[in-house]
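Each chain, written out:
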Amino acid sequence: MKKSALTMAISSLLLASGAHAATVYNQNDTKLEIGGRAQGAYYGTDNNSAEGDQSYFRVNMRGETKIAPEMKAFGFAEYNLPASGSDKDELRYAYAGIQHDRFGAFSYGRQDGLFTKAVNNYTDVLPEWGGDGLGKNTEVFGTGRTNGLAQYIYTYQGLTLGAQFTGNNDPQNSSRTATDKDFSVEHDKGTVIGNDTTWNSTGSKEGFAFSANYDFNMGLSLGAVYNQAGKTDEQARYAAFGGDKDAKLMGFGAKYAVDNLYLAATYSHGEDHLFVNNGYAEKMDGYEAVAQYTIGKFKPSLAYLRTDVKDTAHGIDDTYTEYVSIGAWYNFTENFNAYVDYKINLLDNNGVDSHTNSLGKNTDDVVAVALQYNF
């Protein structure tokens, strides 16, 4: 592989977003770029707690400096501020590292886990939804955006290998007051137990991950990843079950991208990883598939996602997530687009609460509409 192609392959795994970033400084082998997004979005659904404004502002900065003939140092940071509910602000990324043109790259800080980069990103490409069928999530055992991740990524020709160390970490903003009685991993809050004691089912002790991807230079790419991390002391103490076992998650994916066509499918299997019914379920299996086709400025999207969870000893055998996503973008320019994404929820309600299933998951359809400006 040519050196420039190798560098681009590593950079695509290390650096998040910033596709429309503007270069504000580029002198003396040092470059600084600033980018971001302003988005106006609205969710429409029968569930009043999930309906309403979802607008946000996001800004990022990336820099790089040449420190040797074939080596550069880099850094990236991104901050997100929702328009509704300023207490939901998040430092999405903050990491730095060193990249060598031949020997790969090392980075440390708050960044996406290898599970996201190697497999989940194949199908997490929908206008609004997606990415929630495989068990990956923010602050969840080093699989999604997580503090304290050390990663090494090496690419040779079409092969990309990754290794990750997950340090002891607490969820970002974990000190904020927890109010939810029914906590799931999609909320950055604690679980309320007796006497107003709170604990976080997210975060983790030390762990590791390994990944491999191969691009066949004909549009086809394959990926595989294995992630494992220990439970925190409070998870082990307060979880109703599974808190004394390491969380394990493996994933496999394939994508095919040629001209205007994009097809991808991913699968995951987890053990003591998914938080449900106040504990960590013994097994979970996740599936995602997506098809997209670009027609000029218009790009329709169709996807199916499902997560099955089972823990025989605790009477759990149900579907945690299942929906069809039908959406489309219209790209007015490279910087400005509009999209709609309709989530057809396939979960059955529990017969008592018309908005949730037996695992407490929302069963309502949701439609998202948005205007997005990238700079």
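Everything that follows concerns the structure shown earlier in this document.
Criteria and thresholds
- Residues numbered from 1 in each chain as written.
- Predicted model: local features only at pLDDT ≥ 70, side-chain atom pairs only at ≥ 80, totals over all residues.
- Heavy atoms only, no water.
- Pairing = 2+ DSSP bridges.
- Helix = DSSP H or I, 4+ residues; strand = E, 2+ residues; numbered from the N terminus.
- Buried < 20%, exposed > 50% of the residue type's maximum accessible area, 1.4 Å probe, protein only.
- Salt bridge = Lys/Arg side-chain N within 4 Å of Asp/Glu carboxyl O.
- Core = buried A, V, L, I, M, F, W, Y, C linked by side-chain atoms within 4.5 Å.
- Contact = heavy atoms within 4.5 Å.
- Phe/Tyr/Trp six-rings, centres within 6.5 Å; stacked < 30°, edge-to-face > 60°.
- Lys NZ or Arg CZ within 6 Å of the ring centre and 35° of its normal.

Engineer: Explanation requested: the pairing of strand E20 (residues 316-331) in the structure shown.
Structural biologist: Put simply, side chains in a regular strand alternate between the two faces of the sheet. Pairing of strand E19 (residues 298-311) with E20 involves 14 bridges; the strand directions are antiparallel. Opposite proline 300, over in E20, you have alanine 328 as the bridge partner. Between the antiparallel neighbours E19 and E20 lie 4 residues, among them glycine 315 with a positive phi of about 65°. As defined by bridge partners, E20 adjoins strand E21 (residues 336-345) across 9 bridges and the pair is classed as antiparallel. Within the sheet, the bridge partner assigned to asparagine 331 lies in E21 and is asparagine 337. Hairpin geometry of E20 and E21 is characterised by an intervening segment of 4 residues between the two adjacent antiparallel strands.

Engineer: I would appreciate a short explanation of helix H2 (residues 114-123) in the present structure.
Structural biologist: A large share of H2 lies buried, amounting to 9 of its 10 residues. Every buried residue of H2 is accounted for by Leu114, Phe115, Thr116, Lys117, Ala118, Val119, Asn120, Tyr122 and Thr123.

Engineer: How should the pattern of salt bridges be read in this particular structure?
Structural biologist: Side-chain pairs of opposite charge can arise whenever the charged atoms involved come near each other. All told, the structure shown has 12 salt bridges when counted by the stated rule. For glutamate 78, the salt bridge identified is with arginine 92, shortest N-O distance 2.7 Å. Separated by 14 residues along the polypeptide, glutamate 78 in strand E5 (residues 71-82) and arginine 92 in strand E6 (residues 90-100) bring together distant segments of the chain. Residue arginine 92 is classed as buried on the basis of its relative accessible area, which comes to 12%.

Engineer: What should I look at first to understand the nonpolar core in this one?
Structural biologist: Inside soluble globular proteins, nonpolar side chains tend to come together where they are buried. Of all hydrophobic cores here, the largest spans 18 residues; its most connected members are Val225, Val276, Val309, Ile316, Tyr320 and Leu359. Every element with two or more residues in this core is listed here: H2 and E20. No other element matches H2, which puts 4 residues into this core. Setting aside residues up to four positions removed in sequence, valine 309 forms contacts with Leu274, Val276, Ala281, Lys283, Met284, Ile316, Asp317, Asp318, Tyr320 and Leu359.

Engineer: It is not clear to me how the packing of aromatic side chains should be interpreted in this structure. Could you clarify?
Structural biologist: A ring pair, where both rings are aromatic, is described by two values, the distance of the centres and the angle of the planes. Tallied over the full model, the rule gives 15 aromatic pairs. Plain terms: the ring middles of tryptophan 199 and phenylalanine 275 are 5.7 Å apart, the flat faces sit at 75° to each other, and that makes the pair edge-to-face. Taken together, the positions of tryptophan 199 in strand E11 (residues 198-199) and phenylalanine 275 in strand E16 (residues 275-276) put the pair 76 residues apart, joining distant regions of the chain. Exposure remark for tryptophan 199: the relative accessible area of 0% places this residue in the buried category. On the basis of an interplanar angle of 70° and a centroid distance of 4.8 Å, the ring pair of tyrosine 214 and phenylalanine 216 is categorised as edge-to-face. Under the relative-accessibility criterion, phenylalanine 216 is labelled partly exposed at 36%. Every member of this aromatic cluster is reached through a ring pair, and the members are Phe141, Trp199, Tyr238, Phe275 and Tyr280. In this structure, arginine 145 packs its charged tip against the face of tyrosine 93, placed 5.9 Å from the ring centre.

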